[in-house]
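Residue-level listing of the chains:
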Amino acid sequence: MSLIILAGLLLRLKLVFEKALWADEIFYFRVAYAYRFKEILLVDHWIKDLPPLFPLFLKTWISLSLSILWIRLPGLLAYLISSMLLVKIFNKLHWIGNLIIIAFFVFSPFFMYLNFWVTPYNFVLLFTLIQLYILSEFFQGKFVKKEKLFVVLFGLINLFLFNSHYSSVYLFLSYPVFLLYLAIKDIKLAKTFFYSCLVST
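Thresholds, definitions, all that
- Residues numbered from 1 in each chain as written.
- Predicted model: local features only at pLDDT ≥ 70, side-chain atom pairs only at ≥ 80, totals over all residues.
- Heavy atoms only, no water.
- Patch = residues over 30% accessible without salt bridge, like charges linked within 9 Å, V, L, I, M, F, W, Y side chains within 5 Å.
- Areas by Shrake-Rupley, 256 points an atom, 1.4 Å probe, with all protein chains shown as cover.
- Salt bridge = Lys/Arg side-chain N within 4 Å of Asp/Glu carboxyl O.
- Helix = DSSP H or I, 4+ residues; strand = E, 2+ residues; numbered from the N terminus.
- Buried < 20%, exposed > 50% of the residue type's maximum accessible area, 1.4 Å probe, protein only.
- 1 Å grid on protein atoms, 1.4 Å probe; cavity = no way out; pocket = protein on both sides within 12 Å on 5 of 7 lines; lining within 4 Å.
- Points joined across faces, edges and corners; volume = space filled by probe spheres on them.
- Nonpolar A, V, L, I, M, F, W, Y, C, P; charged D, E, K, R; others polar.
- Phe/Tyr/Trp six-rings, centres within 6.5 Å; stacked < 30°, edge-to-face > 60°.
- Lys NZ or Arg CZ within 6 Å of the ring centre and 35° of its normal.
- Core = buried A, V, L, I, M, F, W, Y, C linked by side-chain atoms within 4.5 Å.
- Contact = heavy atoms within 4.5 Å.

Turning our eyes to something else, we now look at a nonpolar patch on the surface. A surface patch of nonpolar side chains, about 390 Å² in accessible area, is lined by Trp22, Ile26, Phe27 and Trp46. Considering the arrangement of structural elements, one finds Trp22 in the loop between helix H1 (2–18) and helix H2 (24–34). In this structure Trp22 comes out as partly exposed when scored by relative accessible area, which is 43%.

Here it is in structure tokens:
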């Protein structure tokens, strides 16, 4: 599994140096480079559907270097962490099933390009997988004695998701399905999840 993930990293690293910044990458870079922190925080710039978390991070990041590798490095790091999270989330599957999922993520042209681009969707992907991992642990009862910790983690990740990109709402739309599942499986877990959703709003 590690070799597959490493192969995916090398392929993405190759694309980093082969492709110049283009399309949406340029738009995100221009916002981070040209606007002040206050303007980005208040979305006082021309990309009105871009929440502040990603451009604030990018502005801080590019203050250290403007090399193409450095600018695109967060996407590569997001790829590595996302790969490890997928392995953990699906570790209950037979190794073949796990291998198929990881191989699809690693070698899919869509994810391959996404992971080397300068884009908030890398944040959305990463935080979505972190949330799914937290939820998988919660469903298995691993937060039974740490309910407050779950509420805090769940709320924080939702906050990061929504402030990364509004497309994260698609994950939020799945929460009623999770609540229904928990109501059938364990009413106590369902109550904690429902409370966590309320706190997050």
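Moving on, we get to unusual backbone geometry. The phi dihedral of Ala23 falls on the positive side, at around 50 degrees, and the residue is not glycine. On the accessibility criterion, Ala23 (37% relative accessible area) is partly exposed. Of note, the phi angle at Val43 is positive, near 55 degrees, even though the residue is not glycine. In this fold, Val43 is placed in the loop between helix H3 (37–41) and helix H4 (53–62).

Another point: the layout of surface pockets. Counted as a void, the largest pocket has a volume near 280 Å³. Lining the largest pocket we find 14 residues, and of these Asn158, Tyr175, Cys197, Ser200 and Thr201 sit closest to its centre. Secondary structure elements with two or more residues in the lining of the largest pocket: helix H9 (147–164), helix H11 (175–185) and helix H12 (187–200). Considering every element that reaches the lining of the largest pocket, the biggest residue donor is H12, with five residues. A breakdown of the residues in the lining of the largest pocket according to their chemical character gives ten nonpolar, four polar and no charged.

Counted by the stated rule, this structure contains 30 aromatic pairs. A ring pair is formed by Phe27 and Trp46, whose centres lie 5.3 Å apart and whose planes are at 85 degrees; its orientation type is edge-to-face. Of this pair, Phe27 sits in helix H2 while Trp46 sits in the loop between H3 and H4; the two residues are 19 residues apart in sequence, bridging distant segments of the chain. Ring centres 6.5 Å apart and planes at 35 degrees place the aromatic pair Phe138 and Phe193 in the tilted group. With Phe138 in helix H8 (residues 121–139) and Phe193 in helix H12, this pair connects stretches of sequence that are 55 residues apart. Classification of Phe138 as buried rests on a relative accessible area of 1%. The buried category is assigned to Phe193, whose relative accessible area is 0%. Taken together, the ring pairs connect Phe138, Phe139, Phe143, Phe150, Phe154, Phe172, Tyr175, Phe178, Tyr181 and Phe193 into an aromatic cluster. In this structure, Arg12 packs its charged tip against the face of Phe105, placed 6.0 Å from the ring centre. Over the face of the ring belonging to Phe37 we find Lys59, whose NZ or CZ atom lies 5.7 Å from the ring centre.

Counting residues in hydrophobic clusters, the biggest one holds 32 residues, and the most contacted among them are Phe138, Phe150 and Phe193. Among the secondary structure elements, those contributing two or more residues to this core are H2, H4, H8, H9, H11 and H12. Top contributing element to this core by residue count: H8, with seven residues. Formed by 20 residues, the second largest nonpolar core is a distinct cluster that contains Ile5, Met112, Leu125 and Leu129.

We now examine the environment of Leu182. For Leu182, the location among the structural elements is in helix H11. Residue Leu182 is classed as buried on the basis of its relative accessible area, which comes to 0%. As for Leu182 and Phe194, which are separated by twelve residues in sequence, their C-alpha atoms are 9.7 Å apart. Dropping the residues within four chain positions of it, Leu182 is found in contact with Phe138, Phe139, Ile187, Leu189, Ala190 and Phe193.

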